[in-house]
Structures are given as C-alpha cells and as structure tokens.
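So you can see what is in the structure, the chains are spelled out below.
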Amino acid sequence: MTEDWGTILVVDDDADMRELTCDLLKDRGHQVAAAGSGEEALKQLAQGDYAVVLTDLRMKGLQGLELLTQIRQEYPDINVILMTAFGSVETAVEAMKHGASDYLTKPVKKVELVRVVERVIREASLRREVNRLRREVHKEYSFHHILGKSKPMQVVFDLIRRVADSPTNVLITGESGTGKELVAKAIHYNSDRKDAPFIPVNCAAIPEQLLESELFGHMRGAFTDAKMDKHGLFEEAQKGTLFLDEISELPLMLQAKLLRAIQEKEIRRVGATKPIAVDVRIIAATNLNLAEEVKAKRFREDFYYRLNVIELKLPPLRERREDVPLLVEAFTRKCAEARGKPVKGVSEAALAMLIDYGWPGNVRELENVIERAVTLSRGEKVTPDDLPPAVQGARGDRRVLDEAAEKTLPLHEFEKEYIKKILEKTGGNKYQAAHALGIDRKTLYRKLAEIEGTPHPEE
Ligand SMILES: Nc1ncnc2c1ncn2[C@@H]1O[C@H](COP(=O)(O)OP(=O)(O)OP(=O)(O)O)[C@@H](O)[C@H]1O
Ligand SMILES: [Mg+2]
C-alpha cells in the first residue's frame, strides 16, 4: 500500500485489540488513528479527515450501532466497518441496514481484516475522488450562478473576469432570457465595487415622466407631488453599480441627461441648482440592436458610444446547445429540491428533445419548461410526456428543416416536402394536415394538386 487512500480510525474499548488492529494496518502502510470509545471517536472525526471507521460493536458507553448511525448522518462520505462477536448474524444484518459498508466477525482473521478494510477504503477513496471531480466540474462550468460549458460561454466568463475590475461601462446585449441581468450581477460582484449596492433599473417599466426623478432624485416642490427632497437611484448606487436594463426604452431627452451624468460624474436632482458628485459604474443591457436604433435616430449616437465601451454579447441558447444538458441538470435538481419531488433527472428521449428545441425564450424558457416538467413528473425521471407539445415536436420538425437546408431546397420545394411530411404524420388525414399547417382545406387541396401536377378531383 503506497497510495494515500485516507486515514482509518480504529475504535475499540479493549486496548490490546485496538493496538493489535492498528499495528496490523500500519504494517500494510495505512495511516491509522485510534479511539478508545464511541464518544472519543466522534470527537476525533470532528477534528480530522477520515476515510474509514473500523469500530467494535459492543463497547462501554456509546455502542457501535449508535456510532454508525451518527456517522451516517454527519459524515456521509466516511465508510464504516463493524466488528461483531461470532454468531451474532442478526446484528450484522442490522448493521448493514444502518449503512455499514461491511462487517467482520470476531475473532477477526488477519487476512480477512486486511481484505475487507482495503476493499472499503478503496471504494471510499474512489467516491471521494468522484465527488471532488464533480465539484471541480461545477466550478469550471459555472461562474457566479451562470452556467455554461460551451465555448461562447467560456468566452463570456473570461470577459466578465477581465472587465469586472476596470471602471469602464459595459453594454450587455442578447435576446430575451439569455442571462443579461445575471451577467451584470456577476460583473458587479466580482469587481472592487462588490460591497457597494447593485441597483437595477428597468427603463421600460418606469413611466417616462417619473424616470428622471427616479434616476436623479428631486427637491421638495420641484413638481406638484414632490413633498420632500428625495434622492434618486444614481445616488443610491453611490460607489456601486447602476444596471440600466432595456436601455433602448430610455427617452432621448433622458439619454442626453444620462450622458452628461456619466461624462461629468455628477448629477442634478430635479429642481436642484447644485450638482452632486457621483461615483457609479454603468452597466446597460438591451435585447435590441442598438446600432440599428442609432441609425433609426431612436437612440443617441454619442450616448451609444459612451455606453458601449465594451460590448458583452450573450449568445442565444440555440447557438450553444451543448449547454442544454448542464442547465437541464441544474434546473431539475433545484426545482425537485424546492418542491420535494423525487425527480433525479430527465430520460434520454426527453433530453434529446430539449437539446433539439429552438428556445426562442432562451434560458428563461428552459427554466420554465423544466419547472413545469418536474411539477408534472410522476417518477424519478422527466419523460417526453412531461414536456410541452412545442418541445416534444422539436425533434422531427428540426430534422425536416436540417435536411432541407442541407439540400438547399428552394422554398416551393421545401413547402412540397413539408406538406408531404405533415401528411405522413397525420396518416394521410387532409383535414388534420390542413389544420396543422394553418391553412384551409381548399388551399391544401390546391397545393397538393400542384405537387402531383394534376387537378384535384375535389376542386
Ligand atoms: N447561463 C445561465 N445559467 C443559469 N441560469 C441562467 C443562465 N442564463 C439565464 N439564466 C436564468 O434565466 C433567467 C433569465 O435570465 P436574465 O433575467 O438574466 O435574462 P435577461 O437576458 O435579462 O432576459 P430579459 O431580456 O428577458 O430581461 C433567470 O432566472 C436566470 O437565472
Ligand atoms: Mg433582464
């Protein structure tokens, strides 16, 4: 035994037996510690790192079985082997039921002791290794609650790390549900501003006439409802981060004021004459193409360049399908735990559908789909039946599309193929096919006639 497989704790109130066992295991090259009672063993376990406990069953004070039960509860990673007196098979069975890894009957033969202990310690060490790897994988594939193992997400993690500590403004772009707010938080909480507030503002949710006073605050009497001086979100975010979500919805007039605030590092409450110095980092987000908005004169060009010092583009989920299994696993676990359901994962068929689906609502949609599936699920695994029809249909539908794109079919050819497929799916039922295609029956007949090149009898 040369490898380091962890320490064995030998528990026995008979000093001679204890020493004998310890020496034997030490001779085999193991690291061994000893305890003279169950109570002492618990004390040692709380202080050190052990892989296996080898304990006598009958002892003064805390008995072996009770010790076993406590270890199972408090240290599920530690394997326990019990030593019982010859002939007490019932107790041995009882011990296994309570989660012992194995048992030895006294008088214990040397070879038997070595064989059992070494098998158990090898198992324990393997399990610890697997757990360690699992933890590592999770660390690597997640960054401040953002999960992703795909290349584009690894690039995002890397960018977050690099921009976090710089004072520059960041523009986060991406479709709805791609995790823009999550990324904004990750930047803030990885920056040296993390102990100051992160203040999110949804520019689309606050009525235009209130937005200015929300952002900059106001002085008493500045307008009819201004009964008291009030500070705005800018001041609330002092030394921290102001997250301007849906920035495209900000009225042009306020864009100008914000631009000034960013440039001069000071703001003016509505109705105030004196400016207030602010030290706030701006992170903005949008699911629109801001450059297009600039072109259409709906967004100020100078403001755009000021915000967009660094752009962080979040890829849609359909462009990083390799992240789907990871997200599915995490959401399933989280949801099953929250609802106390025994769901442990998803079936292979269900996972295939989840990977193939287009996810127009991105990660948020996936999260909702999993929540629904876990709620509906009746077993340990989510099955295709637990998924919404749109997701269930993804597999076949995408294959048709992929095949068509592969052959670069012209649109009318594709239409032909698609109609045929749908008809196959409905078993030739034209009524159902027309319904599925969203056209009336007459139109379907006409198209079929075109496909077959003959006038249809019903026309
Ligand atoms: N990579 C990810 N890993 C784990 N959870 C994610 C990830 N991306 C998004 N989510 C989750 O999906 C949901 C939507 O994320 P978020 O609100 O950040 O998206 P968004 O881009 O701001 O969407 P919207 O444009 O609709 O506001 C949240 O519950 C978030 O926790
Ligand atoms: Mg958002």
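Given the structure is predicted, the values throughout are model-derived calculations rather than measurements.

Peer 1: Explain the overall build of the protein chain to me, please; I cannot follow it from the model alone.
Peer 2: When helices and strands are tallied, the protein chain shows 20 helices and 18 strands. For a compact globule of 459 residues, the expected C-alpha radius of gyration is about 23 Å, and the protein chain comes in at 33 Å, more than 25% above that figure. With the C-alpha coordinates aligned to their principal axes, the bounding extent of the protein chain is approximately 90 × 85 × 40 Å. Counting every position in the protein chain, which comprises 459 residues, the buried fraction comes to 44%. Put simply, 67% of the contacts in the protein chain that link residues at least 6 apart link residues at least 24 apart. Element-wise, carbon and sulfur atoms account for 51% of the exposed surface of the protein chain, whose accessible area totals about 25,300 Å². In the protein chain, the 70 positive side-chain charges and the 75 negative ones have mean positions that sit 3 Å from each other.

Peer 1: How do you make sense of the pattern of salt bridges when you look at a structure like this?
Peer 2: It is possible for side chains of opposite charge to pair when their charged atoms get near one another. If you walk through the whole model with that rule in mind, you get 23 salt bridges. The closest approach of N and O atoms between Arg 28 and Glu 118, which form a salt bridge, is 2.9 Å. Linking Arg 28 in the loop between helix 1 (15–27) and strand 2 (31–35) with Glu 118 in helix 5 (residues 110–140), this pair joins segments that are 90 residues apart in sequence. Judged by its relative accessible area of 37%, Arg 28 falls in the partly exposed class. Taking the shortest distance from any N to any O, the salt bridge between Glu 450 and Arg 446 comes out at 3.6 Å. Pair noted here: Glu 450 and Arg 446 are both in helix 20 (residues 441–452), with a separation of 4 residues, about one helical turn. A relative accessible area of 53% places Glu 450 in the exposed class. For Arg 446, a relative accessible area of 40% puts it in the partly exposed group.

Peer 1: Mind showing me how you'd approach the site of ligand 1 here?
Peer 2: Of all residues adjacent to ligand 1, which total 17 residues, the nearest are Ser 176, Gly 177, Lys 180, Arg 364 and Glu 367. Between ligand 1 and Leu 147 there is a distance of 2.9 Å, counted from a nitrogen atom to a backbone nitrogen or oxygen. In this structure, an oxygen atom belonging to ligand 1 sits 3.1 Å away from a main-chain N or O atom of Glu 181. Elements that contribute at least two residues to the shell around ligand 1 include exactly strand 7 (146–147), helix 7 (180–189), helix 13 (324–339) and helix 15 (362–376). Of the residues belonging to the shell around ligand 1, the class tally is 6 nonpolar, 6 polar and 5 charged.

Peer 1: Mind showing me how you'd approach the environment of Ala 51 here?
Peer 2: For Ala 51, the location among the structural elements is in strand 3 (residues 50–56). Each C-alpha atom of the pair Ala 51 and Ile 8 lies 6.1 Å from the other, and the pair is 43 residues apart in sequence. If near-sequence neighbours (up to four positions away) are discounted, Ala 51 is found in contact with Trp 5, Gly 6, Thr 7, Asp 77, Ile 78, Asn 79, Ile 121, Ala 124 and Arg 128.

Peer 1: What exactly am I supposed to notice about the nonpolar core here?
Peer 2: Generally speaking, soluble globular proteins have nonpolar side chains that are buried together. The biggest cluster of nonpolar side chains holds 31 residues, and the ones touching the most others in it are Phe 234, Leu 242, Leu 244, Ile 247 and Phe 303. If you list the elements that add at least two residues to this core, you get strand 9 (198–202), helix 8 (208–216), helix 9 (233–236), strand 12 (241–245), helix 10 (252–264), strand 15 (281–286), helix 11 (290–295) and helix 12 (301–307). The biggest single contributor to this core is helix 10, with 5 residues. Among residues more than four places away in sequence, those in contact with Phe 234 are Leu 215, Phe 216, Leu 242, Leu 258, Ala 261, Ile 267, Val 278, Val 280 and Ile 282. Core analysis: the second largest hydrophobic core is formed by 26 residues, Val 328, Ala 330, Phe 331 and Leu 366 among them.

Peer 1: Help me understand the sheet that holds strand 9 in this model?
Peer 2: Each strand in a sheet pairs with another by means of backbone hydrogen bonds, the pair being arranged parallel or else antiparallel. Spatially, the 5 strands line up as an open sheet ordered 9-12-15-8-16, and their pairing is parallel. The sheet is open, and its two borders are formed by strand 9 and strand 16 (310–313), each paired with just one other strand. With strand direction ignored, the average angle separating the axes of adjacent strands in the sheet is 20°. Across 4 bridges, strand 12 lies against strand 15 in parallel orientation. The partner of Phe 243 across the bridge, within strand 15, is Ile 283. Across the face of the sheet, helix 7 comes into contact with strand 8 (170–173), strand 9, strand 12, strand 15 and strand 16 while running at roughly 150° to strand 8.

Peer 1: When you look at the pairing of strand 12 in this model, what are you seeing that I'm missing?
Peer 2: Strand residues, when the strand is regular, have side chains that alternate between the two faces of the sheet. By the criterion of burial, strand 12 is predominantly enclosed, with 5 of the 5 residues buried. The pairing of strand 9 with strand 12 spans 5 bridges and is classified as parallel. When the sheet's bridge partners are listed, Pro 200 is paired in strand 12 with Phe 243.

Peer 1: How should the pairing of strand 3 be read in this particular structure?
Peer 2: Counted residue by residue, strand 3 has 7 buried out of 7 residues, so it is predominantly covered. Pairing analysis gives 5 bridges linking strand 1 (residues 7–11) to strand 3, with the strands arranged parallel. From the neighbouring strand, Leu 9 faces strand 3, where its bridge partner is Val 53. By the bridge criterion, 5 bridges tie strand 3 to strand 4 (residues 79–84) in an arrangement that is parallel. Considered in strand 4, the bridge of Leu 54 is made with Ile 81.

Peer 1: Is there a simple way to explain the side chain of Thr 332 in this structure?
Peer 2: Note that Thr 332 resides in helix 13. Contacts of Thr 332, omitting those with residues within four sequence positions, involve Val 343, Gly 345, Val 346, Ile 370 and Val 374.

Peer 1: Help me out: how do you make sense of the environment of Asp 165 in this one?
Peer 2: Note that Asp 165 resides in the loop between helix 6 (151–164) and strand 8. Excluding anything up to four places from it in sequence, Asp 165 contacts Asn 190, Ser 191 and Asp 192. A polar contact of 3.0 Å, which involves the side chain of Asp 165, links it to the backbone nitrogen of Asp 192.

Peer 1: Is there a simple way to think about the sheet that holds strand 3 in this case?
Peer 2: Spatially, the 5 strands line up as an open sheet ordered 2-1-3-4-5, and their pairing is parallel. Edge positions in the open sheet fall to strand 2 and strand 5 (102–105), since each of these has one partner strand only. Adjacent strand axes in the sheet meet at a mean angle of 20°, parallel and antiparallel pairs treated alike. Across the face of the sheet, helix 1 comes into contact with strand 1, strand 2 and strand 3 while running at roughly 170° to strand 2.

What counts as what
Residues numbered from 1 in each chain as written. Chains lettered and ligands numbered in written order. Predicted model: local features only at pLDDT ≥ 70, side-chain atom pairs only at ≥ 80, totals over all residues. Heavy atoms only, no water. Helix = DSSP H or I, 4+ residues; strand = E, 2+ residues; numbered from the N terminus. Rg over C-alpha atoms; globule rule 2.2 N^0.38 Å. Buried < 20%, exposed > 50% of the residue type's maximum accessible area, 1.4 Å probe, protein only. Contact = heavy atoms within 4.5 Å. Areas by Shrake-Rupley, 256 points an atom, 1.4 Å probe, with all protein chains shown as cover. Lys, Arg positive; Asp, Glu negative; His and termini not counted. Charge placed at Lys NZ, Arg CZ, Asp CG, Glu CD. Salt bridge = Lys/Arg side-chain N within 4 Å of Asp/Glu carboxyl O. Near = heavy atom within 4 Å. Polar contact = N/O pair within 3.5 Å; in protein donor to acceptor, adjacent residues only side chain to side chain. Nonpolar A, V, L, I, M, F, W, Y, C, P; charged D, E, K, R; others polar. Core = buried A, V, L, I, M, F, W, Y, C linked by side-chain atoms within 4.5 Å. Pairing = 2+ DSSP bridges. Axes fitted to C-alpha atoms, helices over the stretch in contact; angles between N-to-C directions.

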